[in-house]
Amino acid sequence: MDRFLNKIYQIAGAVSAGLIIAICILVSAQVLLNIVGRMFPGLLPSTIPSYADFAGFMLAASTFLAMSYTLRSGGHIRVNLIVQRLPERATFFAEFVVLLVGIGFAGFATFYAGALVGESIHYGDVSNGIIPVPLWIPQSFMALGLGLLVLSLCHTLFDLIREGQPVLGNPDEV
């Protein structure tokens, strides 16, 4: 099960990276169109319709999809000023409490992100750019990313309990 979940987190991280690359390609294409449009007016269209909206949607999706992978790979920023001075048993307890609180907050956010998706579907909400995009599509990526974060927090909590010692990182990190 551990390998399966880690594979899911890796896939979400890879999709996130792909979305960042897609943003770079989209913005670069828009810059090239601007340059060509100034050098040879009328040769090509001067803009990609709703490119800023699409870039924003991809950035939001990338951010939320990357959270579970980042947590499991130890990439989240941690400040260990207090934790590094605690004995191992107190560090274990601190991680336990932090993971429970994180699960609570992330679960709350996931629930309401899912409710937002449902509301957007119900009311037929669309973006207000040149190309109307149903808002449930980018919101679904947000809800999925938050759901994966809850799953990875629960997975990490299970690892903590199973190993009986801190698992969230190295106290040398600051």
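Because the structure is a prediction, the values reported are computed rather than measured. (Residues numbered from 1 in each chain as written. Predicted model: local features only at pLDDT ≥ 70, side-chain atom pairs only at ≥ 80, totals over all residues. Heavy atoms only, no water.)

Chemist: Any chance you could break down the side chain of S152 for me, citing the residues and the numbers?
Modeler: Position of S152 relative to the elements: it lies in helix α4 (residues 136-163). Owing to a relative accessible area of 0%, S152 belongs among the buried residues under this scheme. For S152, the side chain forms a polar contact with the main-chain oxygen of L149, separated by 2.9 Å. Those residues in contact with S152 that sit more than four places away from it in its chain are Y9, S68, L71 and R72. (Helix = DSSP H or I, 4+ residues; strand = E, 2+ residues; numbered from the N terminus. Buried < 20%, exposed > 50% of the residue type's maximum accessible area, 1.4 Å probe, protein only. Polar contact = N/O pair within 3.5 Å; in protein donor to acceptor, adjacent residues only side chain to side chain. Contact = heavy atoms within 4.5 Å.)

Chemist: So what's going on with the layout of surface pockets? Which residues, and what values?
Modeler: Of the voids in this model, the largest pocket is the one considered here, and its volume is about 400 Å³. Taken together, 19 residues form the lining of the largest pocket, with L71, H76, R78, V98 and L168 sitting closest to its centre. Every element with two or more residues in the lining of the largest pocket is listed here: α2 (51-72), α3 (88-123) and α4. Per-element tally for the lining of the largest pocket: the top contributor is α3, with six residues. Taken together, the residues that form the lining of the largest pocket break down as 10 nonpolar, seven polar and two charged. (1 Å grid on protein atoms, 1.4 Å probe; cavity = no way out; pocket = protein on both sides within 12 Å on 5 of 7 lines; lining within 4 Å. Points joined across faces, edges and corners; volume = space filled by probe spheres on them. Nonpolar A, V, L, I, M, F, W, Y, C, P; charged D, E, K, R; others polar.)

Chemist: An account of the packing of helix α1 (residues 2-39) against α4 is needed here, citing residue identities and associated values.
Modeler: Two quantities define a packed helix pair, namely the angle between the helix axes and the distance between the axes. Between α1 and α4, whose axes approach to 11 Å, the crossing angle comes to 145 degrees. As α1 packs across α4, the resulting crossing turns out to be left-handed. When α1 is examined against α4, the residues D2, L5, N6, I8, Y9 and A12 are found in contact with a partner set consisting of L148, L151, S152, H155 and D159. For the contact of α1 with α4, the residue count by class is six nonpolar, three polar and two charged. (Axes fitted to C-alpha atoms, helices over the stretch in contact; angles between N-to-C directions. Left-handed = near helix turned anticlockwise from the far one by under 90°.)

Chemist: I'd love a proper account of α2, names of residues and values included.
Modeler: The terminal C-alpha atoms of α2 lie 32 Å apart, and with 22 residues this matches the ideal 32 Å at 1.5 Å per residue to within 8%. Along α2, the sharpest kink reaches roughly 35 degrees, centred on A66. Among the residues making up α2, those that are buried are A55, M58, A61, S62, L65, A66, M67, S68 and L71. The inward-facing, buried residues of α2 contact α1 and α4. Looking one or two places after α2, you find G74, whose phi comes out positive at around 75 degrees. (Expected span 1.5 Å × (residues − 1). Bend = angle between axes of the 7 residues up to and from the residue.)

Chemist: Please set out the nonpolar core residue by residue, giving values where relevant.
Modeler: The biggest cluster of nonpolar side chains holds 17 residues, and the ones touching the most others in it are L99, L149 and L153. Contributions of two or more residues to this core are made by α2, α3 and α4. If one sorts the elements of this core by residue count, α4 sits on top with eight residues. Among all residues touching L99, those that are not within four sequence positions of it are L153, T156, L157, L160 and L168. (Core = buried A, V, L, I, M, F, W, Y, C linked by side-chain atoms within 4.5 Å.)

Chemist: Describe the confidence of the model for the protein, with residues and values.
Modeler: When pLDDT is averaged along the protein, the result is 92, and 96% of the positions lie at 70 or above. The least confident element of the protein, judged by mean pLDDT, is α1 at 95; the most confident is α4 at 97. (pLDDT = per-residue confidence, 0-100.)

Chemist: Please provide a residue-by-residue account of the pattern of salt bridges, values included.
Modeler: Tallied over the entire structure, the rule returns four salt bridges. D159 is the salt-bridge partner of R162, the closest N and O atoms lying 3.0 Å from each other. In this pair, R162 and D159 are both assigned in helix α4, three residues apart and thus about one turn of the helix distant. The exposure class of D159 is buried, given its relative accessible area of 7%. A salt bridge links E163 to R162; the nearest nitrogen and oxygen atoms lie 3.9 Å apart. Looking at R162, the relative accessible area reads 47%, which means it is partly exposed. (Salt bridge = Lys/Arg side-chain N within 4 Å of Asp/Glu carboxyl O.)

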